[in-house]
Amino acid sequence: MFAQNDIECVIEGTSSYADTPDVYDYMQNNTDVPSQEPLVLNVYFWQIKAPDGSYGGINFTEDQLLACIANLNIFYNSHQIYFKYRGYQSVTSPSDNPLWQYEWIDTDEDNIPDAWVCVEYPGQFDPNGYGNIGRCWDLSHFFGWANSNGYRHTDAINIYVPYGSEFGGAAAGVISNSTILKYAKLVTPSATHEIGHNIGLYHTRAKGNGNSNQEHDTRDEFLPNGELNLEFNARTADDNVMDTAANTTFRYVDANGQSIYPYIDENCKYIPNLIEKDEINHPYTHITNLDVINTMGDAYECLTNYLSPGQVYRMRDKIQNAPPLSNTLTEVASLYEPYKGSYPLYYPHPQPWVYPLFQPGFNYRFVECQCDCDDIDTGGGPVPYEYTNFNSTNTSILTIDKNEPNYSLITHPNHTAIRILEFNISDYAVPRRCYDNWYSPPIIGGSIIKFNDNVFNANVTITPQDANSINNSNLINELQPGLYNIIKTDSNGNNQETVIFKENE
Ligand SMILES: [Zn+2]
């Protein structure tokens with residue numbers, strides 16, 4: 001019923017961290033982004049269920065969240081922006097949300113539906129709660145509800161994942177740490193678009209959800225005679241980014257409420273025309289294919305993962321300087337920590353074992369390493385990220401592509417260190433966390449069998465040993481002369497037998 005709105009993005013609020021005074025102009029002056037410091041943001045997911053605990057018949061899996069993380073990284077990593085998966089929590093919606101529906105109805109009494117309108121059903125409760133977030137009552141209450149119930153982390157980007165919504169995605173605001181992305185949208189350009197809002201980007205056409213012709217077509221800040229061009233306002237109008245062209249909107253709604261794109265051709269190119277104009281009556285002459293496919297545009301059928309250099313510069317600035325975003329920053333080292341599982345502390349290790357798993361979306365090389373590690377106690381695990389006093393080679397024992405679909409393969413083999421190829425500058429481009437474990441299973445007990453006749457026969461005395469006694473380094477010294485079988489039992493339940501004949505001294 002609401003499929004026609006399924007692609008739309010809505011921004012719920014405006015940020016108090018706006019651009020005044022705007023010290024940056026977000027021009028095409030950031031060709032050095034690949035050499036800039038990586039920025040790593042925490043991401044936490046919230047599965048939003050119906051009041052009865054159901055999830056719209058969808059089989060919710062953690063792999064889908066990881067696929068979202070992978071997608072975000074694959075797109076944003078080229079801008080030296082990274083996302084660290086921090087897990088998820090499942091929460092159940094309240095059962096007393098009032099029922100509203102967004103309906104295409106007749107508003108001018110000609111019996112022909114002509115507009116989308118929010119319709120209240122008094123006295124009824126919404127059986128979906130926030131599990132299917134409507135754009136009428138639900139959306140304006142959801143973020144407040146999540147916040148007041150403790151379902152928001154201030155040190156992470158929070159992605160709320162209902163099973164349905166009457167929109168494609170909804171950021172809590174431009175420069176904010178919360179976004180709604182229904183399950184089916186987690187691995188689509190809607191995800192990169194909404195996160196784009198979170199980390200500082202407006203729509204290219206307007207600051208909010210509507211259309212705007214306020215940004216003027218001209219890109220020229222100065223007139224040919226060197227004077228200021230008073231018509232130039234790209235720095236402060238609409239998206240506040242200079243290298244995205246001015247546009248009013250790409251998407252229109254036809255008489256049946258369907259999205260149409262009358263000035264976009266089948267190749268996602270803008271069709272110049274004299275209908276669409278800025279507020280000072282200039283037709284748009286600078287819109288390129290890159291503006292049409294821009295992640296923050298509204299030509300949804302063309303929308304892809306593209307951002308302009310100015311947008312990238314703006315994001316990196318906001319992430320570092322706006323507290324709602326700078327609070328979500330974490331260390332590069334966190335990406336070298338598993339999101340699940342643990343390291344065996346000895347080999348062979350008990351079975352079954354959940355190995356350390358690393359988030360998908362990176363090109364990993366787990367390269368041969370060797371660590372004496374005399375100056376550090378790792379307890380059998382890998383060395384810390386900061387510790388680089390180990391040897392490694394370029395030989396990859398395990399190679400993982402950023403598009404690897406089987407996430408259970410992304411683990412950390414023994415005697416290897418981790419290279420994440422996306423980090424390709426200076427100190428970041430070296431193998432980290434050598435895991436070089438040669439420990440055997442601990443001996444946890446056993447027994448001493450004494451052959452009383454000093455030959456192998458059934459005349460024996462068996463003395464059980466606990467962990468202390470069997471591991472006593474004086475064990476053999478303290479034995480009386482004679483023939484023995486010393487049985488050591490390790491933590492895996494395996495026995496090692498050692499026969500000794502101790503002579504009279
Ligand atoms: Zn949007």
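Every value quoted in this text rests on a predicted model; they were computed, and no experiment measured them.

J.: Mind laying out the overall build of the protein chain, listing which residues take part and the relevant values?
T.: Tallying secondary structure elements over the protein chain gives seven helices and 21 strands in all. Counting only C-alpha atoms, the protein chain reaches 110 × 65 × 40 Å along its principal axes. Carbon and sulfur atoms provide 50% of the accessible area of the protein chain, an area that totals close to 23,200 Å². Across the protein chain, the 26 positively charged side chains and the 63 negatively charged ones have centroids separated by 5 Å.

J.: Describe a nonpolar patch on the surface, listing the residues and the values that go with them.
T.: Taken together, the side chains of Phe 222, Leu 228 and Leu 230 make up a nonpolar region of the molecular surface, amounting to roughly 370 Å² of accessible area. Tracing the sequence through the fold places Leu 228 in the loop between helix H3 (189-198) and strand S11 (252-253). Judged by relative accessible area, which is 52%, Leu 228 ranks as exposed.

J.: Got a sec to walk through the nonpolar core? Specific residues and values, please.
T.: Within the largest apolar cluster, 80 residues are counted, with the highest numbers of intra-cluster contacts made by Phe 45, Tyr 76 and Ile 159. Tallying contributions element by element places helix H1 (residues 62-76) first for this core, with eight residues. Residues contacting Tyr 76, with those up to four places away along its chain left out, are Ile 81, Phe 83, Thr 192, Ile 195, Gly 196, Ile 199, Leu 307 and Met 315. Counting residues in each nonpolar core, the second largest holds 18 residues, with Tyr 44, Leu 139, Ala 146 and Ile 180 among its members.

J.: Summarise the sheet that holds strand S20 (residues 482-490); cite the residues concerned and give the values.
T.: If you walk across this open sheet you meet the four strands as S19-S18-S20-S21, and the pairing is antiparallel. Each of the sheet's edge strands pairs with one partner strand only, and the pair in question is strand S19 (460-466) and strand S21 (495-502). Adjacent strand axes in the sheet meet at a mean angle of 20° when their direction is disregarded. Inspection of the sheet shows strand S18 (residues 443-451) paired to S19 by seven bridges, in the antiparallel sense. Note on S19: the bridge partner recorded for Ser 447 is Pro 464.

J.: Any details on helix H5 (residues 309-321)? Residues and values, ideally.
T.: Between its first and last C-alpha, H5 extends 18 Å over 13 residues, near the 18 Å set by a 1.5 Å rise per residue. Residues of H5 that are buried include every one of Gly 310, Gln 311, Val 312, Arg 314, Met 315, Arg 316, Asp 317, Lys 318 and Ile 319, and no others.

J.: Quick rundown of the sheet that holds strand S16 (residues 416-420)? Include the residues and the values.
T.: Backbone-to-backbone hydrogen bonds join strands into a sheet, with any given pair of strands oriented parallel or antiparallel. Reading across the sheet, the four strands line up as S15-S14-S16-S17 and stay open at both edges, with antiparallel pairing between neighbours. Looking at which strands have only one partner, the edges of the open sheet turn out to be strand S15 (391-400) and strand S17 (432-435). Between one strand axis and the next, the sheet turns by 30° as a mean value, whatever way the strands run. With two bridges connecting them, S16 and S17 associate as antiparallel partners. The partner of Ile 418 across the bridge, within S17, is Arg 432.

J.: Outline the state of the cysteines, listing residues and values.
T.: A complete count under the given rule lists four disulfides for this structure. The disulfide bridge from Cys 118 ends at Cys 136, spanning 2.2 Å between sulfur atoms. Across the S-S bond of Cys 118 and Cys 136 the torsion is about -90°, and the bridge reads as left-handed. Placement of Cys 118 in strand S5 (residues 115-125) and of Cys 136 in the loop between strand S6 (132-133) and helix H2 (137-148) is noted, with a sequence separation of 18 residues between them.

J.: Requested: an account of the domain arrangement of the protein chain, with residues and values cited.
T.: Here the domain parsing of the protein chain yields domain 1 (1-201 + 309-330), domain 2 (208-306), domain 3 (337-435) and domain 4 (443-502). Once you take the C-alpha centre of each, domain 1 and domain 3 turn out to be 33 Å apart. Across the boundary between the two partners, domain 1 contributes 19 residues, which contact 16 residues of domain 3. Carbon and sulfur atoms supply 59% of the area that domain 1 and domain 3 bury against each other, a total of about 1,400 Å² over both sides. The largest contributions to the domain 1 side of the interface with domain 3 come from Leu 66, Ile 74 and Tyr 82, which together make up 31% of the buried area. On the surface where domain 1 and domain 3 come into contact, there are one salt bridge. Elements with a contribution of two residues or more to the side of domain 1 that touches domain 3: H1 and strand S3 (81-92). Counting residues per element, the side of domain 1 that touches domain 3 draws most heavily on H1, which supplies eight residues. Residues that form the side of domain 1 that touches domain 3 fall into these classes: 10 nonpolar, five polar and four charged.

J.: Lay out H1 with the relevant residues and their values.
T.: Along its 15 residues, H1 runs 21 Å from first to last C-alpha, staying within 8% of the 21 Å computed at 1.5 Å per residue. Among all positions of H1, only Glu 62, Leu 65, Leu 66, Ala 67, Cys 68, Ile 69, Ala 70, Leu 72, Asn 73, Phe 75 and Tyr 76 are buried.

J.: Break down the packing of H1 against H3 for me, citing the residues and quoting the values.
T.: Geometry of a packed helix pair, given as the angle between the helix axes and the separation of the axes. Their axes nearest at 10 Å, the elements H1 and H3 cross at an angle of 70°. When the axes of H1 and H3 are compared, the pair comes out roughly perpendicular. The crossing of H1 and H3 is right-handed. Where H1 approaches H3, its residues Cys 68, Leu 72, Phe 75 and Tyr 76 are matched on the opposing element by Ala 191, Thr 192, Ile 195 and Gly 196. In terms of residue class, the contact of H1 with H3 is made up of six nonpolar, two polar and no charged.

What counts and how
- Residues numbered from 1 in each chain as written.
- Predicted model: local features only at pLDDT ≥ 70, side-chain atom pairs only at ≥ 80, totals over all residues.
- Heavy atoms only, no water.
- Helix = DSSP H or I, 4+ residues; strand = E, 2+ residues; numbered from the N terminus.
- Areas by Shrake-Rupley, 256 points an atom, 1.4 Å probe, with all protein chains shown as cover.
- Lys, Arg positive; Asp, Glu negative; His and termini not counted.
- Charge placed at Lys NZ, Arg CZ, Asp CG, Glu CD.
- Patch = residues over 30% accessible without salt bridge, like charges linked within 9 Å, V, L, I, M, F, W, Y side chains within 5 Å.
- Salt bridge = Lys/Arg side-chain N within 4 Å of Asp/Glu carboxyl O.
- Buried < 20%, exposed > 50% of the residue type's maximum accessible area, 1.4 Å probe, protein only.
- Core = buried A, V, L, I, M, F, W, Y, C linked by side-chain atoms within 4.5 Å.
- Contact = heavy atoms within 4.5 Å.
- Pairing = 2+ DSSP bridges.
- Axes fitted to C-alpha atoms, helices over the stretch in contact; angles between N-to-C directions.
- Expected span 1.5 Å × (residues − 1).
- Disulfide = S-S within 2.5 Å.
- Domains from an automatic or database assignment.
- Buried area = accessible area lost by both parts, 1.4 Å probe.
- Nonpolar A, V, L, I, M, F, W, Y, C, P; charged D, E, K, R; others polar.
- Parallel < 35°, antiparallel > 145°, perpendicular 65-115°, else oblique.
- Left-handed = near helix turned anticlockwise from the far one by under 90°.

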